[in-house]
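Residue-level structural notes
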Amino acid sequence: MAFNAMWKPGSQAVAGMQGNGSANPALVIYLDPDSLAILPPSDPAAWPEFIRLLRQIRDSADELAVFLDKHKAVRDDDARPE
């Protein structure tokens, strides 16, 4: 897997769905200062593959969060004075 760009979120980074209930919904990630919008295909026939991608993003984000939580606990233990 090749990456063309890497973004490092700032302290004000947030993510959420934009356009809830509208004809143009999107997953938007405000990275502080950059933004990334992931829009569904205009053809509903392509939505199943897009839904698969969204679920991969969700699952991968959860996997990364679990990993970081676990390693944060180890780092916190290493930083404690004896």
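All values derive from a computational prediction rather than experimental measurement.

1. Some thoughts on the overall build of the protein chain
- The number of helices and strands found in the protein chain is 1 helix and 3 strands.
- When the 82 residues of the protein chain are sorted by exposure, 6% land in the buried category.
- Here the analysis covers contacts within the protein chain between residues at least 6 apart in sequence; of these, 6% occur between residues at least 24 apart.

2. Details of the confidence of the model for the protein chain
- In the predicted model, the protein chain carries a mean pLDDT of 88, and 88% of its residues have values of at least 70.
- Averaged pLDDT values for the elements of the protein chain fall to 90 in helix H1 (residues 47-79) and rise to 95 in strand S2 (residues 26-30).

3. Points about unusual backbone geometry
- That bond from aspartate 32 to proline 33 is cis: its omega, 20°, falls within 30 degrees of zero.
- Relative to the elements of secondary structure, aspartate 32 occurs in the loop between S2 and strand S3 (35-38).
- Residue classification places aspartate 32 among the partly exposed residues on the basis of a relative accessible area of 30%.

4. Some remarks on the sheet that holds S2
- Pairing within the open sheet is antiparallel, and its 3 strands lie in the order S1-S2-S3. Looking at strand neighbours, the two that pair on one side only are strand S1 (14-18) and S3, the edges of this open sheet. Adjacent strand axes in the sheet meet at a mean angle of 15°, parallel and antiparallel pairs treated alike.
- By the bridge criterion, 4 bridges tie S2 to S3 in an arrangement that is antiparallel. In the sheet register, tyrosine 30 faces S3, and the bridge partner there is serine 35.

Thresholds, definitions, all that
Residues numbered from 1 in each chain as written. Predicted model: local features only at pLDDT ≥ 70, side-chain atom pairs only at ≥ 80, totals over all residues. Heavy atoms only, no water. Helix = DSSP H or I, 4+ residues; strand = E, 2+ residues; numbered from the N terminus. Buried < 20%, exposed > 50% of the residue type's maximum accessible area, 1.4 Å probe, protein only. Contact = heavy atoms within 4.5 Å. pLDDT = per-residue confidence, 0-100. Pairing = 2+ DSSP bridges. Axes fitted to C-alpha atoms, helices over the stretch in contact; angles between N-to-C directions.

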